[in-house]
Amino acid sequence: MDRLEFANRPRCREAKGTYEVWYVTVNQPAQGRGFWIRYTTLNPADGAGSEPHAALWAASFDRGAPERNLALKAVHPLSAVGYQEPFGISIGDAVLDVRGCRGSLTAPGGTARWDLAWTSHAEPFFIPEPAWLKVVSAANFGAQPCLEVTGTIEIGGVTYELDRAYGGQQHTWGRRHALEWNWGFAAGLGGRRGEFLDGVSTRVRGPGGVTLGGTALGLLAGERSVRVSSLPATLRNGAEISPVGWDAKVSDGGLTAEVSIRPRREDLIGVTYGDPAGGIRVCYHTEVADLDLTLLEAGREVFAHRFESAAAFEYASEKALPGLPPVL
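Please read all numbers here as calculations on a predicted model, not as lab measurements.

Rules of the game
- Residues numbered from 1 in each chain as written.
- Predicted model: local features only at pLDDT ≥ 70, side-chain atom pairs only at ≥ 80, totals over all residues.
- Heavy atoms only, no water.
- Phe/Tyr/Trp six-rings, centres within 6.5 Å; stacked < 30°, edge-to-face > 60°.
- Helix = DSSP H or I, 4+ residues; strand = E, 2+ residues; numbered from the N terminus.
- Buried < 20%, exposed > 50% of the residue type's maximum accessible area, 1.4 Å probe, protein only.
- Lys NZ or Arg CZ within 6 Å of the ring centre and 35° of its normal.
- Polar contact = N/O pair within 3.5 Å; in protein donor to acceptor, adjacent residues only side chain to side chain.
- Contact = heavy atoms within 4.5 Å.
- Salt bridge = Lys/Arg side-chain N within 4 Å of Asp/Glu carboxyl O.
- 1 Å grid on protein atoms, 1.4 Å probe; cavity = no way out; pocket = protein on both sides within 12 Å on 5 of 7 lines; lining within 4 Å.
- Points joined across faces, edges and corners; volume = space filled by probe spheres on them.
- Nonpolar A, V, L, I, M, F, W, Y, C, P; charged D, E, K, R; others polar.
- Core = buried A, V, L, I, M, F, W, Y, C linked by side-chain atoms within 4.5 Å.
- Patch = residues over 30% accessible without salt bridge, like charges linked within 9 Å, V, L, I, M, F, W, Y side chains within 5 Å.
- Areas by Shrake-Rupley, 256 points an atom, 1.4 Å probe, with all protein chains shown as cover.

1. A look at the packing of aromatic side chains
Tallying each qualifying case throughout the model produces 10 aromatic pairs. Considering the side-chain rings of Tyr-39 and Trp-114, the 6.3 Å spacing of their centres and the 85° angle between planes classify their relative orientation as edge-to-face. One end of the pair, Tyr-39, is in strand β2 (residues 33-43); the other, Trp-114, is in strand β9 (residues 110-120), with 75 residues separating them in the sequence. Of the two residues, Tyr-39 and Trp-114, neither departs from the other in class, the shared state being buried. Ring centres of Trp-183 and Phe-185 lie 5.8 Å apart, and the angle between their planes is 10°; this geometry places the pair in the stacked category. A single burial state applies to Trp-183 and to Phe-185, both of which are buried. One aromatic cluster is present, built from ring pairs that chain together Phe-6, Phe-126, Phe-141 and Trp-173. One cation-aromatic arrangement involves Arg-11 over Phe-6; the distance from NZ or CZ to the ring centre is 4.6 Å. Its end group placed over the ring of Trp-57, Arg-38 keeps NZ or CZ at 4.6 Å from the ring centre.

Structure follows, in structure tokens:
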């Protein structure tokens, strides 16, 4: 099995007490726009307080007019999910595979349609490294961390044309969500094909109820790369988690990456995830955050740049932010 098939291979199917998600993010920094499409399953443990289901999600972000930000969700029975080999996932008539995705949904807040094809320019980035999968409760694989995406997205009555817009395709699953996390992502840094940043800081409940925190980071910028996602290295980095931004400092050999991703509050959309073990997480997401990236070699700055409206950002916890209730 090649690395891309391994990254996307379904891990949960009908297993009780699990969730699984394949999602696509696309960003148009010059237009201040971004999009987020998700194919999800939730099969909670008995007594968790929620019902098994699949869902299609679509969201759009407009930095110039945040009042037009929109998130939609359509719920389907788990029986509507289909799995294909080589990798493909379908929910009803909506499909996603390694070459693109297409589908539609109708929800109380409106309708969405998407028809996207892409080319992939970077190898998968695994959080955690596969050797550690048996000891973690959740994983997030950057299956295709630098895509060029072409096609159309229609949402909220507006049709958007994408022409080699940069984005990524991710796969996440687990037995329970982290207690809290920041996730940051950007592809095609400054329009450079193949480059990406993908990272997360999490706080999780470990053995014996102990709370553990850590940070993983994957980065490819020119000839320089950082890939830190083994469990020991992730825990050594610690975790700083905040709804106002994600800051991380991660070293790999002689190279250190300093990352700061800052969203505007008005660009955040809050959505609710059911946890398969019980309870919820409220996730605030945007596709139009600002990224500041600095690279140091042996303590000497070798790269520093600000990428405006170019990054995805998430903050999630067990409670909604004051004054910013989730829309889904």
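2. Some points on the side chain of Arg-281
You can see Arg-281 is positioned in strand β20 (residues 280-297). Here Arg-281 falls in the buried class, since its relative accessible area comes to 5%. At a separation of 2.7 Å, a polar atom in the side chain of Arg-281 contacts the main-chain carbonyl oxygen of Ala-178. What Arg-281 contacts, discounting residues up to four positions off in sequence, is His-177, Ala-178, Leu-179, Trp-181, Val-271, Thr-272, Tyr-273, Asp-275, Ser-317 and Glu-318.

3. Section: the pattern of salt bridges
Summed over the entire model, instances satisfying the criterion amount to 19 salt bridges. Asp-275 serves as the salt-bridge partner of Arg-281, at 3.5 Å between the closest nitrogen and oxygen. Take Arg-281 and Asp-275: they sit in the same class, and that class is buried. For Arg-306, the salt bridge is made with Glu-308, and the minimal N-O distance between the two is 3.6 Å. For Arg-306, a relative accessible area of 42% puts it in the partly exposed group. Salt bridges sharing common partners tie together Arg-63, Asp-290, Asp-292, Arg-306 and Glu-308.

4. Thoughts on empty space enclosed by the protein
Per the stated rule, a full pass over the model turns up two cavities of 30 Å³ or more. Counted as a void, the largest cavity has a volume near 50 Å³. If you go around the largest cavity, the residues you meet are Thr-25, Val-26, Asn-27, Tyr-166, Gly-167, Phe-185, Ala-186, Ala-187, Glu-287, Ala-310 and Ala-312. Tallied by class, residues from the lining of the largest cavity come to seven nonpolar, three polar and one charged.

5. Here we look at the nonpolar core
The tendency in soluble globular proteins is for nonpolar side chains to be buried as a group. Counting 33 residues, the largest nonpolar core has Tyr-39, Leu-96, Cys-101, Leu-105, Trp-114, Ile-153 and Leu-162 as its most contacted members. Among residues more than four places away in sequence, those in contact with Leu-96 are Trp-22, Val-24, Tyr-39, Phe-87, Gly-88, Ile-89, Cys-101, Trp-118 and Gln-169.

6. Considerations on a nonpolar patch on the surface
A contiguous nonpolar patch, built from Val-210, Leu-212 and Leu-235 and spanning about 220 Å² of accessible area, is present on the exposed surface. Here Leu-212 is to be found in strand β15 (residues 211-221).

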